[in-house]
Amino acid sequence: MSETLQPRLRVLLAEAIAMGPGKAELLRHIRETGSISAAARCMQMSYRRAWLLVDTMNHSFLSPVVSTATGGSHGGGAHLTEMGEEVLRRYEAMEAKANAALAPDIAEFRQLMQLQPREPSKS
């Protein structure tokens, strides 16, 4: 187990995870690289998986969070829309609030945990 112990915030829309830590990371990589495929490579995931995550986010909000352009002589690419920037900003703010609010509880919870996970019994 790593030394970092923190809650993981997910925002659900019906059965779909509209936003969560992995999707936030994907959005940050798309912003940095300008590409869904490059963002996927940064996260060591398939392009298909990254595209499905983007598609879920694009259908979960009032307008798309990622805009794409098909390839061609000038190449394709992807970028965060204004909605995408707003969603990411608000999600990161909610994460910071959750982490700060839960910090005392997490510290107490840590006292109940093993420093190293035990091997499962082989019975």
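Preceding this paragraph is the structure being described.
Since this is a predicted model, take the numbers as computed values, not measurements.

1. A look at a nonpolar patch on the surface
Here is step 1 of the chain: Residues Tyr47, Trp51 and Leu52 make up a contiguous nonpolar surface patch of roughly 280 Å² in combined accessible area.
Here is step 2 of the chain: Within the fold, tyrosine 47 resides in helix H3 (residues 47-60).

2. Focus on the nonpolar core
Here is step 1 of the chain: Residues Met19, Leu26, Leu27, Ile30 and Val66 are the most contacted members of the largest nonpolar core, which totals 20 residues.
Here is step 2 of the chain: At the level of secondary structure, the elements contributing two or more residues to this core comprise helix H1 (21-33), helix H2 (36-42), H3, strand S4 (77-80) and helix H4 (82-110).
Here is step 3 of the chain: Filtering out sequence-adjacent residues up to four positions away, leucine 27 remains in contact with Met19, Met57, Val65, Val66, Leu80, Gly84 and Leu88.

3. Some remarks on the side chain of serine 60
Here is step 1 of the chain: Assignment of secondary structure puts serine 60 in helix H3.
Here is step 2 of the chain: According to the relative accessible area criterion, serine 60 is buried, its value standing at 17%.
Here is step 3 of the chain: Polar contacts involving the side chain of serine 60 include one to the main-chain carbonyl oxygen of threonine 56, which spans 2.7 Å.
Here is step 4 of the chain: If we skip the residues at most four places from it in the chain, serine 60 touches Leu13 and Ala18.

4. Examining the packing of H1 against H4
Here is step 1 of the chain: At a closest axis distance of 11 Å, the pairing of H1 and H4 adopts a crossing angle of 135°. Judged by the angle between their axes, H1 and H4 are oblique. Seen from above, H1 lies across H4 with left-handed handedness. Across the interface between the two elements, Pro21, Ala24, Leu27, Arg28 and Arg31 from H1 touch Gly84, Glu85, Leu88, Tyr91, Glu92 and Glu95 from H4.
Here is step 2 of the chain: Residues that form the contact of H1 with H4 fall into these classes: five nonpolar, one polar and five charged.

5. Details of H3
At 3.6 residues per turn, the α-helix brings residues three or four places apart onto the same side.
Here is step 1 of the chain: Taking 1.5 Å as the rise per residue, H3 with 14 residues should run 20 Å; its terminal C-alpha atoms sit 20 Å apart, in good agreement.
Here is step 2 of the chain: Of the surrounding secondary structure, the elements contacted by the buried residues of H3 are strand S1 (11-13), strand S2 (16-19), H1, H2 and strand S3 (66-69).

6. As for the pattern of salt bridges
Here is step 1 of the chain: The final tally for this structure, using the stated rule, is four salt bridges.
Here is step 2 of the chain: Residue arginine 89 pairs with glutamate 86 through a salt bridge whose shortest N-O separation is 2.9 Å. Remark: glutamate 86 and arginine 89 occur in helix H4; sequence separation between them is three residues, near one turn of the helix.
Here is step 3 of the chain: A residue is classified by how much of its surface remains accessible, and glutamate 86, at 28% relative accessible area, is partly exposed.
Here is step 4 of the chain: For arginine 90, the salt bridge identified is with glutamate 86, shortest N-O distance 2.5 Å. Residue arginine 90 and its partner glutamate 86 are both found in helix H4; the two are separated by four residues, about one turn of the helix.
Here is step 5 of the chain: Here arginine 90 falls in the partly exposed class, since its relative accessible area comes to 48%.
Here is step 6 of the chain: By sharing partners, the salt bridges in this structure join Glu86, Arg89 and Arg90 into a single network.

Conventions adopted
- Residues numbered from 1 in each chain as written.
- Predicted model: local features only at pLDDT ≥ 70, side-chain atom pairs only at ≥ 80, totals over all residues.
- Heavy atoms only, no water.
- Patch = residues over 30% accessible without salt bridge, like charges linked within 9 Å, V, L, I, M, F, W, Y side chains within 5 Å.
- Areas by Shrake-Rupley, 256 points an atom, 1.4 Å probe, with all protein chains shown as cover.
- Salt bridge = Lys/Arg side-chain N within 4 Å of Asp/Glu carboxyl O.
- Helix = DSSP H or I, 4+ residues; strand = E, 2+ residues; numbered from the N terminus.
- Core = buried A, V, L, I, M, F, W, Y, C linked by side-chain atoms within 4.5 Å.
- Buried < 20%, exposed > 50% of the residue type's maximum accessible area, 1.4 Å probe, protein only.
- Contact = heavy atoms within 4.5 Å.
- Polar contact = N/O pair within 3.5 Å; in protein donor to acceptor, adjacent residues only side chain to side chain.
- Axes fitted to C-alpha atoms, helices over the stretch in contact; angles between N-to-C directions.
- Parallel < 35°, antiparallel > 145°, perpendicular 65-115°, else oblique.
- Left-handed = near helix turned anticlockwise from the far one by under 90°.
- Nonpolar A, V, L, I, M, F, W, Y, C, P; charged D, E, K, R; others polar.
- Expected span 1.5 Å × (residues − 1).

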